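What follows is the residue order along each chain.
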Amino acid sequence: MKRALITGVTGQDASYLAELLLNKGYEVHGIVRRVALEDPVHRLWRIRHILDKITLHAGSLESYASIFNVVEKVRPDECYHLAAQSFVTYSFEDAFSTLNTNINGTLFVLSAIKEKVPECRFYYAGSSEMFGHAKTTPQNENTPFYPRSPYGISKVAGFDLTRNFRESYNLFACSGILFNHESPRRGFEFVTRKIAIGAARIKLGLDDELRLGNLEAKRDWGFAADYVKAMYLMLQQDDPDDYVIATNETHSVKEFLELAFACADLNWKDYVIVDKQVYRPAEVYLLMGDYSKGKKKLGWEPTVRFEELVKMMVDADLKNGEMLRSHT
Ligand code: G4F
């Protein structure tokens, strides 16, 4: 039985990845912060349904010792490093902790693997935020990085560390350059979920407005459960490599908004307030990924497109009245 270790196991992607790996017969281990173990109702909701099938270990990306101990104990065949401070807005508010957690955390995981289980295959969660103010569209594996936030900068550093460990120590280390990927399990701070919940709360009479930032920004949005399949496939290849994972479509926040509110039979213009305070100090205006390398080498393709994704998210939140009432 293969053993997988997932950092950031309480997150959206990890919840889908853990399900996928369990279905494939893996023994699944996850690293979580101690605070999450102490508050399972709020912090483990995405993996509640599989808690009896996976093993959780307390650890922190801020402590090499804790990561080292878990890697030594689990001795994984595959490690999926998904943990990060992943909210771009927050990275402007606290660049120090974002850079510290994301860069050192990646270095700690890579170093522990190099020391204890150099044969372990390693996946790094890169991001389309690394392209930032890209000079060309669509972006592929050869597009130069131009990150526009401390988060994007931290992800470029993690990408470089991953490549460096591959080239220096012969680790089987891959980076997925994943474009935005969403689902009904998306965190509440990201724009897609904020819109889906906002539309549902307005529909149920719990709110009468929704405050958003830049509606003109364009993103390539896919379905998270599709994207974790690509992570898995990267670690099953003969050689380690880096891959763009995307849908090759781009849509504005405004398009998402229009469609989401229409799914709830609402007109967004009656409720949405554009608040300049929500704008970022530096915006990424346009992202669209060319996933042809992943399609050719991994045989990967997205199965859920934009309209279906928006509807899936809004429908899920409309059905979840109890959660909506407690959400502020
Ligand atoms: O949903 P977002 O916060 O996602 P963002 O910044 O693109 O980053 C996400 O995707 C990356 C992959 O490319 C990940 F690496 C990263 O960890 C994260 O998952 O914002 C999307 C767009 C931005 O242009 C933002 O300015 O929506 C715009 N926006 C407009 N109003 C808003 C809002 N974003 C948020 N979060 N909240 C708003 O009210």
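Treat the numbers as computed from the prediction; the structure is a model and nothing was measured. Throughout this document, residue positions are counted from 1 along each chain, in the order its sequence is written. Local features in this predicted model are restricted to residues of pLDDT 70 or higher, and side-chain atom pairs are both shown and tallied only at a pLDDT of 80 or more, whereas totals for entire chains, interfaces and linings draw on every residue. Heavy atoms throughout the structure, all of them, feed into the side-chain values; hydrogens and water do not.

## Side note on the site of the ligand
Formally: Note on definitions. A residue lies near a molecule or strand when any single heavy atom of the residue is within 4 Å of it. Under the rule applied, a polar contact is a pair of N or O atoms within 3.5 Å (in protein, one hydrogen donor and one hydrogen acceptor; residues adjacent in sequence only if both atoms are side-chain atoms). Accessible surface is estimated by sampling points in the Shrake-Rupley manner with a 1.4 Å probe; for residues, cover comes only from the protein chains shown. In this classification, Asp, Glu, Lys and Arg are treated as charged, Ala, Val, Leu, Ile, Met, Phe, Trp, Tyr, Cys and Pro as nonpolar, and every other residue, Gly included, as polar.
Of all residues adjacent to the ligand, which total 23 residues, the nearest are Ser 127, Ser 128, Tyr 151, Arg 280 and Glu 283. In this structure, an oxygen atom belonging to the ligand sits 2.6 Å away from a main-chain N or O atom of Ser 86. Between the ligand and Ser 128, the relevant distance is 2.3 Å, taken from an oxygen atom to a side-chain nitrogen or oxygen of the residue. Its free accessible area being 720 Å², the ligand has 96% of it covered by the protein chains. Split by residue class, the shell around the ligand holds ten nonpolar, six polar and seven charged.

## Considerations on the side chain of Asn 102
The test is simple: Secondary structure counts use DSSP, requiring at least four H or I residues in a row for a helix and at least two E residues in a row for a strand, with both numbered from the N terminus. Accessible area is worked out with a 1.4 Å probe on protein chains only. A residue is then buried under 20% of its type maximum, exposed over 50%, and partly exposed in between. Any pair of residues with heavy atoms lying within 4.5 Å of one another is described as a contacting pair.
Topologically, Asn 102 is positioned in helix α6 (residues 95-116). For Asn 102, a relative accessible area of 3% gives the class buried. Reaching out from Asn 102, the side chain makes a polar contact with the side chain of Ser 154 at a distance of 3.0 Å. For Asn 102, the residues in contact, after removing those within four places along its chain, are Ala 84, Gln 85, Tyr 151 and Ser 154.

## Quick notes on unusual backbone geometry
Residues Thr 137 and Pro 138 are joined by a peptide bond in cis, for which omega reads 0 degrees. If you check the backbone angles, Asn 248 has positive phi at about 65 degrees while not being a glycine. Inspection of the secondary structure assignment puts Asn 248 in the loop between β11 (242-245) and β12 (251-252). For Asn 248, a relative accessible area of 35% translates into the label partly exposed. Positioned with a positive phi, Asp 265 is a non-glycine residue whose angle comes to about 55 degrees. Mapped onto the secondary structure, Asp 265 falls in the loop between α10 (253-263) and β13 (272-274).

## What to know about the domain arrangement of the protein chain
Many analyses report the size of an interface as the accessible area lost when the parts associate. We apply this condition: The split into domains, and so the bounds of each, comes from an automatic or database assignment of domains. Defined in terms of a 1.4 Å probe, buried area is the accessible area two parts forfeit on being brought together, summed over both. Any carboxyl oxygen of Asp or Glu within 4 Å of a side-chain nitrogen of Lys or Arg constitutes a salt bridge here.
Taken as a whole, the protein chain is organised into domain 1 (3-181 + 223-245) and domain 2 (187-219 + 249-288 + 304-326). The C-alpha-based centres of domain 1 and domain 2 are spaced at 26 Å. Domain 1 puts 19 residues into the contact, and the matching count from domain 2 is 17 residues. Between domain 1 and domain 2, the buried area comes to about 1,700 Å², and carbon and sulfur atoms account for 61% of it. Together, Phe 87, Arg 148 and Phe 223 form the three largest contributors to the area buried by domain 1 at its contact with domain 2, with a combined 32%. Where domain 1 meets domain 2, there are one salt bridge. Glu 129 is the partner of Arg 219 in a salt bridge, and the nearest nitrogen-oxygen pair spans 3.6 Å. When residues in the side of domain 1 that touches domain 2 are grouped by element, the largest group, three residues, is from helix α5 (residues 88-93). Of the residues assigned to the side of domain 1 that touches domain 2, the class counts are eight nonpolar, seven polar and four charged.

## Overview of the side chain of His 81
Within the element layout of this structure, His 81 appears in strand β4 (residues 78-81). A polar contact of 2.8 Å, which involves the side chain of His 81, links it to the side chain of Thr 7.

## Quick word on the nonpolar core
As a reminder of what qualifies: To qualify as a nonpolar core, a set must consist of buried Ala, Val, Leu, Ile, Met, Phe, Trp, Tyr and Cys residues joined through side-chain atoms within 4.5 Å.
Residues Ile 6, Tyr 80 and Phe 261 are the most contacted members of the largest nonpolar core, which totals 64 residues. Per element, the largest residue contribution to this core is eight residues, and it comes from helix α9 (residues 224-234). When we break this core down by domain, the ones giving at least three residues each are domain 1 (3-181 + 223-245) and domain 2 (187-219 + 249-288 + 304-326). The contacts of Tyr 80, once residues within four sequence positions are left out, are Ala 4, Leu 5, Ile 6, Thr 7, Leu 17, Leu 21, Tyr 123, Met 231, Tyr 232, Leu 235 and Gln 236.

## Observations concerning the pairing of strand β6 (residues 173-178)
The side chains of a regular strand alternate between both faces of the sheet. This is how the line gets drawn: The criterion for strand pairing is that DSSP finds at least two bridges linking the strands in question. Here the term right-handed applies to a crossover when the path leading from its first strand over the helix to its second strand runs clockwise, the strands being oriented away from the viewer.
By the criterion of burial, β6 is predominantly enclosed, with six of the six residues buried. Both faces of β6 are covered, namely the face carrying Ala 173, Ser 175 and Ile 177 and the face carrying Cys 174, Gly 176 and Leu 178. Two elements, strand β5 (residues 121-127) and β6, share six bridges in a ladder whose sense is parallel. Paired with Ser 127 across the two strands is Leu 178, which belongs to β6. This β-α-β element, β5 to helix α7 (residues 150-169) to β6, shows right-handed connectivity. Two strands pair when backbone bridges link them, and β6 and β11 are joined in this way by four bridges, in the parallel orientation. Note on β11: the bridge partner recorded for Ser 175 is Asp 242.

## A word on the sheet that holds strand β2 (residues 27-32)
Our working rule: Inter-axis angles, ranging from 0 to 180 degrees, are taken between N-to-C directions of lines fitted to C-alpha atoms, where helices are fitted over the stretch in contact.
The strand order across the open sheet built from seven strands is β3-β2-β1-β4-β5-β6-β11, with neighbouring strands paired in parallel fashion. The open sheet has two edge strands with one neighbour each: β3 (55-58) and β11. This sheet shows a mean twist of 20 degrees between the axes of neighbouring strands, independent of strand direction. Of the pairings in the sheet, the one linking β4 to β5 comprises four bridges and is parallel in character. Its bridge partner being in β5, His 81 is matched across the sheet by Tyr 124.

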